[in-house]
Amino acid sequence: GPAKMAAAGGGRYFCTAGRGLELFLAREVRVRLGATEVDCVSGKVFFSTEAEPGELRKLKSGERLFLLLKKHPPLAVSRNKGKMLHEIKSLVIDEPKYWLDVLSIWRNIHGCEGKKNDMSQENHLPLKRKSQEETNTATKRQRTEQTVSEECQAEAAERYMLPERKSDQDCWTESKTSLEDPSKSSGEKPIVNEKLSFRVSCRCSGAIAKILHSQEIGRAVGIALMKQFGWRADLRDPNLEVFIHLNDIYSVVGIPLFRLPLANREYIETAGLRSTIAWAMASLAEISAGAFVLDPMCGLGTILLEAAKEWPEACYWGADISDSQLEGADVNIRTAGLMDKIELLKASVKALPLPSESFDAVISDIPFGKKFKITKDIQLLPDILQEMERVLRVGGTIVLLLSQDLRKHMDGITKCAENDSPNAVFDSTSETVTAKALNMDGDSSSLMNGVEESFLGSRQRQFGGLVPDGVYGVSLGKMDAFIYKYRKISTAGNQ
């Protein structure tokens, strides 16, 4: 349990993930952190590791990282609200030893980080009540085209344990008398004697949500924590956030390790594609030292930035037809200090001024319909694919992000049989794929060597010299998309 972990200097964690990125995250925690006991559920990956805070912060495919306090089966649902609230309070408060162990890990981490550094980097919490100017500092850099996964949207929506209209003080008056000196009322000293400030973020879904509102739960748990530990509630800028997630699969209690999501990259000035998805795409491209990597529709350069940060031994090129996008990409590259790694050029993806077979990997987010009029350009997909194939060497990989519509066209082009789709999209939590998804030891080669044979069977015929090598369904918040991977096995002319 956590006691053993704390003694060993390790901890049990979970990290939230956008839908479809769980398998990338599960593999990443194993490779990067040497994690054990890795357990994937939809939207979360649980794991144990002894890694240092600096290493934990390097995770690239997750959203928010938490120290795990409790993970129990779902609570039994009854019509008796009082009974259910009592069970939830017990889930959170019982076994105070867990709290001590987890808080000691949390303190060690915040001690290592240095209070000043942690606060200065992260004290702008994008909360509803903060003024717009304050919020801007935290969110401006991260204004993403795609909203964060549902996981995080819901988390933001249900952060408050108390109704907005009351001031913090009003909310707690009823319990104030017993809290001023908990030893008087309960006959025992609070276990954690320092006055930590805290906030409860609660999220419910499934059967339990039909009976209890997340605010009721947050409030009950908040009062219980104050009684138990003598902490004080602070919704605006607490030392500690307590996260509770109750659904039909599990009951989870955790403490966020860092105030800002891991997905908010400090090195990206203006975000385009969600950074976690850009990283996942790059991880599939098998980038090795000395490789030449191209994004022929690079936009603000997010994919190139993520790839160059993780695999710095390669050379990166970005092309785009839009001046404004290239200017944004240039600012991003300068901000990230990657001017020597990434070259930009203005060019159309339909006619790249680049020699044939000159790149080892091509990675690209094919623009979606909302921003670009893809409907009339959709027939250009074969031309785009053909040009990407032309500049790719034999043995190289292409990794593309496609919308639902584009996916249908792509399957048409590559002549997928209709009965292929069930095998084509990997379930992100399936272990078979997780074990082989990516490799980050300085080189991302041999990522998907173990893809099931059935998937590469004759039912998916190739486009020119390209053969399909994996499809991954991912969520872009409001819409779903698909990461397609291809390998070039021959030059198109020599079939």
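Note: the structure precedes this text.
Residues numbered from 1 in each chain as written. Predicted model: local features only at pLDDT ≥ 70, side-chain atom pairs only at ≥ 80, totals over all residues. Heavy atoms only, no water.

Trainee: Looking at this model, I keep getting lost on the overall build of the protein. Mind explaining?
Mentor: Counting its regular elements, the protein contains 19 helices and 16 strands. Looking at the protein as a whole, 54% of its 495 residues are labelled buried. Considering only contacts within the protein whose residues lie at least 6 apart along the sequence, 78% involve residues at least 24 apart. A total accessible area of about 20,700 Å² is found for the protein, and carbon and sulfur atoms account for 52% of it. (Helix = DSSP H or I, 4+ residues; strand = E, 2+ residues; numbered from the N terminus. Buried < 20%, exposed > 50% of the residue type's maximum accessible area, 1.4 Å probe, protein only. Contact = heavy atoms within 4.5 Å. Areas by Shrake-Rupley, 256 points an atom, 1.4 Å probe, with all protein chains shown as cover.)

Trainee: How should I be thinking about the packing of helix α12 (residues 275–284) against helix α13 (residues 302–310) in this particular structure?
Mentor: Angle between the axes and distance between the axes: these two values describe a pair of packed helices. Remark: α12 packs on α13, axes separated minimally by 8 Å, with the N-to-C direction vectors making an angle of 60 degrees. Viewed along their axes, α12 and α13 adopt a mutual orientation that is oblique. For the element pair α12 and α13, the recorded crossing hand is right-handed. The segment α12 lies against α13, with Ser275, Ala278, Trp279, Met281 and Ala282 engaging Thr302, Ile303, Glu306, Ala307 and Glu310. Per-class residue counts for the contact of α12 with α13 are six nonpolar, two polar and two charged. (Axes fitted to C-alpha atoms, helices over the stretch in contact; angles between N-to-C directions. Parallel < 35°, antiparallel > 145°, perpendicular 65-115°, else oblique. Left-handed = near helix turned anticlockwise from the far one by under 90°. Nonpolar A, V, L, I, M, F, W, Y, C, P; charged D, E, K, R; others polar.)

Trainee: Even after reading the chapter, I still don't get the packing of aromatic side chains, so can you show me in this structure?
Mentor: Note on aromatic pairs: each is described by the distance of the centres and the angle between the planes. Scanning the model with the defined rule gives 14 aromatic pairs in all. For the ring pair Phe24 and Tyr472, a centre distance of 5.4 Å and an interplane angle of 55 degrees mean the geometry is tilted. Placement of the pair is Phe24 in helix α2 (residues 22–33) and Tyr472 in strand β15 (residues 466–475), with a sequence separation of 448 residues. A connected cluster of aromatic rings, assembled from ring pairs, spans Phe14, Phe46, Phe66, Phe243 and Tyr250. Its guanidinium or amino end placed over the ring of Phe258, Arg57 lies 4.1 Å from that ring's centre, counting from NZ or CZ. The residue whose ring lies beneath Lys71 is Phe46, and the NZ or CZ to ring-centre distance is 4.2 Å. (Phe/Tyr/Trp six-rings, centres within 6.5 Å; stacked < 30°, edge-to-face > 60°. Lys NZ or Arg CZ within 6 Å of the ring centre and 35° of its normal.)

Trainee: Would you mind showing me how to read the environment of Asn332 here?
Mentor: Mapped onto the fold, Asn332 is located in helix α14 (residues 323–335). Among the residues examined, Asn332 registers a relative accessible area of 0% and is labelled buried. Taking the C-alpha atoms as reference points, Asn332 and Ile268, 64 residues apart in sequence, are found 5.9 Å from one another. Non-local contacts of Asn332, meaning those with residues more than four positions away in its chain, are made with Tyr267, Ile268, Glu269, Thr270, Leu300 and Leu305.

Trainee: In this structure, what is going on with the pattern of salt bridges? I would like to understand it.
Mentor: Side-chain pairs of opposite charge can arise whenever the charged atoms involved come near each other. Summed over the entire model, instances satisfying the criterion amount to 21 salt bridges. Note that Glu63 is salt-bridged to Arg274, the shortest N-O span being 2.6 Å. Of the two residues, Glu63 sits in the loop between α3 (53–56) and β4 (65–72) while Arg274 sits in the loop between β8 (251–256) and α12, which places them 211 residues apart along the sequence. Summarising the burial analysis for this pair, Glu63 and Arg274 share the class buried. For the salt bridge of Asp323 with Lys346, the shortest nitrogen-to-oxygen distance reads 3.1 Å. Residue Asp323 is located in helix α14, and its partner Lys346 is located in strand β11 (residues 342–346); the two are separated by 23 residues in the primary sequence. Several salt bridges share partner residues, and in doing so they unite Glu286, Asp469, Lys485 and Arg487 into one network. (Salt bridge = Lys/Arg side-chain N within 4 Å of Asp/Glu carboxyl O.)

Trainee: How should I be thinking about the environment of Ala329 in this particular structure?
Mentor: Relative to the assigned elements, Ala329 resides in helix α14. For the pair Ala329 and Ile342, spaced 13 residues apart in the sequence, the C-alpha separation amounts to 9.9 Å. Sequence-distant contacts of Ala329, that is, excluding residues within four places in its chain, are made with Gly299, Leu300, Gly301 and Leu344.

Trainee: I keep staring at the sheet that holds β4 and nothing clicks. Help me out?
Mentor: Backbone-to-backbone hydrogen bonds join strands into a sheet, with any given pair of strands oriented parallel or antiparallel. The strand order across the open sheet built from eight strands is β2-β3-β1-β4-β8-β7-β5-β6, with neighbouring strands paired in mixed fashion. The two strands at the open ends of the sheet, each matched to only one other strand, are β2 (36–41) and β6 (232–233). In terms of strand pairing, strand β5 (residues 197–204) meets strand β7 (residues 240–246) through seven bridges, oriented parallel. Bridge pairing in β7 places Phe198 opposite Leu240. Of the strands in this sheet, β4, β7 and β8 are in contact with helix α4 (residues 81–93), which crosses β4 at around 125 degrees. Against the sheet, helix α11 (residues 214–229) makes contact with β5, β6 and β7, and its axis sits at roughly 150 degrees relative to β5, the strand it touches most. (Pairing = 2+ DSSP bridges.)

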